[in-house]
Amino acid sequence: MKEKLLMPFAPVLVESTRSIGYSFETALADIIDNSVSNNARNVWVNFDTKDSPILAVIDDGRGMSKDELEAAMRYGSKSSLEIRDPKDLGRFGLGMKMASMSQCRKLTVVSKKNNSICGACWDLDYINSKGDWVLIEYSSDELKDTYCYNDLNEQKSGTIVLWEQFDRISSSSSNKSKVFDEKIEIARKHVSLVFHRFIDPEAIGQGISFYFNNERVVGIDPFLLSNPATQPLPEENIIINDQIIKVKPFVLPYASKLSKKDQNKLGEVDNLRQNQGFYIYRNKRLIIWGTWFRLVKQHELHKLARIRVDIPNTLDSIWEIDVKKSTANLPDIIKHRLVSLVENTIGSSEKVYKYRGRKTDDPNITHIWNVVDDRGQYHYVINRDSPLFKTLEDSIDEKDQGFFESFIQIVESSFPFEDVYFRLAKSDSGIHILSQKGEDEVYHNAVCMIEKLISINENVSVFIENMAKNDYFRKYPNVISKIKEEYK
Ligand SMILES: Nc1ncnc2c1ncn2[C@@H]1O[C@H](COP(=O)(O)OP(=O)(O)OP(=O)(O)O)[C@@H](O)[C@H]1O
Ligand SMILES: [Mg+2]
């Protein structure tokens, strides 16, 4: 046996790793991950599309010394097996290099720490010409003309990650800057969603501001927590390898209850359906969303359901997180826990929809409540044609009729939709809350009505004949028989 040191050939390896599958926005998010992991309070994405596109991610984080920068530029700068700081969004020691080179041919990193500025560059053409892993290093003097250098220099510490020579855009499009602008727009939305818990300081306790060409990015909260009609369901903890995965379902308000602003946040109403499902966060950074992992079929009936799943970075191997941080596989050990959670809570949203969609025009039933479909917006109103209602109305003095009608309208308009939805979604069968009254009570109510009708000389027999059609009494055949017997 003999050993041979077989080094990868730099030009070929770098070129191949460019095609790992990053999109522009996932690549940019990977660079921003590094800023977030390294204590940035502000992250500026600056770009210029006029001549040849250029983009810089600048942060005011801890920055790197010359030695640290050199180590950071190495492909595989840290082992993926290393235990990371609980807030670190990195894992593989590859992201900064691979994400950048997937989009452009030249990556320059400039960093400031302890009043000293250093810079280094991977230039694919230079690597090709040298045929080896040759990193270009710059002195601070050589860096002065670098894009956004002054922005960094004004800060105590921080880092610039600079992308140049977007060959993939130029080869695929005649109008480079237009395509670049479109990519930027998608990336802006991506950042506002995947980092939304950092943008909202209340949610995470440490706020980070993101800017695109100095315009502040507004977070997109997929759970609409600021909307009081959003129903949070109880949080569950799943413990694996002594680590806690937090699972918290939310039921979003109906689309008709969303303000224009909230609708914009969630995207088109059609997106509600597409974006139902699990929202997986790794250290509060959204990794994947809008999927049920094939545990539950994506369905019209679940479209208001979103389940927040928080995983710590200590469980990366279990979730099989990938370098791009854009996919993760659900491990079997927690699959069954999530399945039962989905069935118990969200599955029953199906019942809610079915209930909403019940037939209201069945001629054999007199409903107490009517469901009114007002061009897709629903109201529940008390059926003023039901014999019960008429009895009550007739028994009220004329002078109190106005007050009575106002009271009924108040009751109707305060029908607790959200509470009903929430409780149905929470209960196993959805039936428990529609508690059946005891027969004695129902009998008492029937007698009370009949006596009232008698006292105002109304036709009792019609009332009794109609009891079997009445939404309330028809569920109690014994009571109906007893009444028929007594009042025949
Ligand atoms: N903005 C930054 N501020 C300070 N240090 C940084 C910054 N960006 C990168 N680094 C350093 O460079 C190292 C390499 O970054 P890189 O993204 O390549 O790998 P990683 O973040 O460790 O893991 P992953 O491949 O999962 O992203 C980081 O671990 C960090 O030490
Ligand atoms: Mg990284």
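Before going into details, it helps to say that this report is about the structure given with it. (Residues numbered from 1 in each chain as written. Chains lettered and ligands numbered in written order. Predicted model: local features only at pLDDT ≥ 70, side-chain atom pairs only at ≥ 80, totals over all residues. Heavy atoms only, no water.)

### Comments concerning the packing of aromatic side chains
How we decide: Here a Phe, Tyr or Trp ring, Trp counted by its six-membered ring, pairs with any other such ring whose centre lies within 6.5 Å, and the pair is stacked when the planes are under 30 degrees apart, edge-to-face when over 60, and tilted otherwise. Only DSSP runs of H or I with at least four residues qualify as helices, and only runs of E with at least two residues qualify as strands; both kinds are numbered from the N terminus onward. Buried residues are those whose accessible area, probed at 1.4 Å on protein chains only, stays under 20% of the maximum for their type, while exposed residues exceed 50% and partly exposed ones sit between those limits.
Counted by the stated rule, this structure contains 15 aromatic pairs. Residues tryptophan 122 and tryptophan 133 carry aromatic rings whose centres are separated by 6.1 Å and whose planes lie at 75° to one another, so their mutual orientation is edge-to-face. Of the two residues, tryptophan 122 is situated in strand 4 (residues 116–123) and tryptophan 133 in the loop between helix 5 (124–130) and strand 5 (136–138); the sequence distance between them amounts to eleven residues. Ring geometry for phenylalanine 223 against phenylalanine 250: centres 4.6 Å apart, planes inclined by 35°, an arrangement best described as tilted. You can see phenylalanine 223 sitting in the loop between strand 8 (215–216) and strand 9 (231–232) and its partner phenylalanine 250 sitting in strand 11 (residues 243–251), a full 27 residues away along the chain. One exposure class covers both phenylalanine 223 and phenylalanine 250, and it is buried.

### Details of the sheet that holds strand 8
As a reminder of what qualifies: For two strands to pair, DSSP has to find at least two bridges joining them. Contact definition: two residues touch when any of their heavy atoms are within 4.5 Å. Lines are fitted to the C-alpha atoms to define the axes, a helix being fitted only along its stretch in contact, and any angle between axes, read from their N-to-C directions, falls within 0 to 180 degrees.
Taken in spatial order, the eight strands make up an open sheet running 5-4-3-6-2-1-7-8, and their pairing is mixed. Two strands close off the open sheet at either side, each with one partner strand: strand 5 and strand 8. The pairing of strand 7 (residues 209–212) with strand 8 spans two bridges and is classified as antiparallel. The residue bridging phenylalanine 212 from the neighbouring strand is glutamate 215, located in strand 8. Across the face of the sheet, helix 3 (residues 66–73) comes into contact with strand 3 (106–113), strand 4 and strand 5 while running at roughly 20° to strand 4.

### Let's talk about the site of ligand 1
The following threshold applies: By convention in these notes, a residue is near a molecule or strand provided one of its non-hydrogen atoms lies within 4 Å of it. Polar contacts, as used here, are pairs of N or O atoms within 3.5 Å; protein pairs need one atom able to donate a hydrogen and one able to accept it. Residues neighboring in sequence count only if both atoms are side-chain atoms. Surface accessibility follows the Shrake-Rupley procedure with a 1.4 Å probe radius. Residue values consider only the protein chains on display as shielding. Gly is placed with the polar residues, together with every amino acid not listed as nonpolar (Ala, Val, Leu, Ile, Met, Phe, Trp, Tyr, Cys and Pro) or charged (Asp, Glu, Lys and Arg).
For ligand 1, the set of nearby residues contains 20 residues, the closest of which are Arg91, Leu94, Gly95, Lys97 and Lys325. Residue asparagine 38 places a side-chain N or O atom 3.4 Å away from a nitrogen atom belonging to ligand 1. Isolated, ligand 1 exposes 600 Å² of accessible area, and the fraction of that covered by the protein chains is 93%. When residues of the shell around ligand 1 are traced back to their parent elements, those giving at least two are helix 2 (24–37) and helix 4 (95–103). Of the residues assigned to the shell around ligand 1, the class counts are five nonpolar, eight polar and seven charged.

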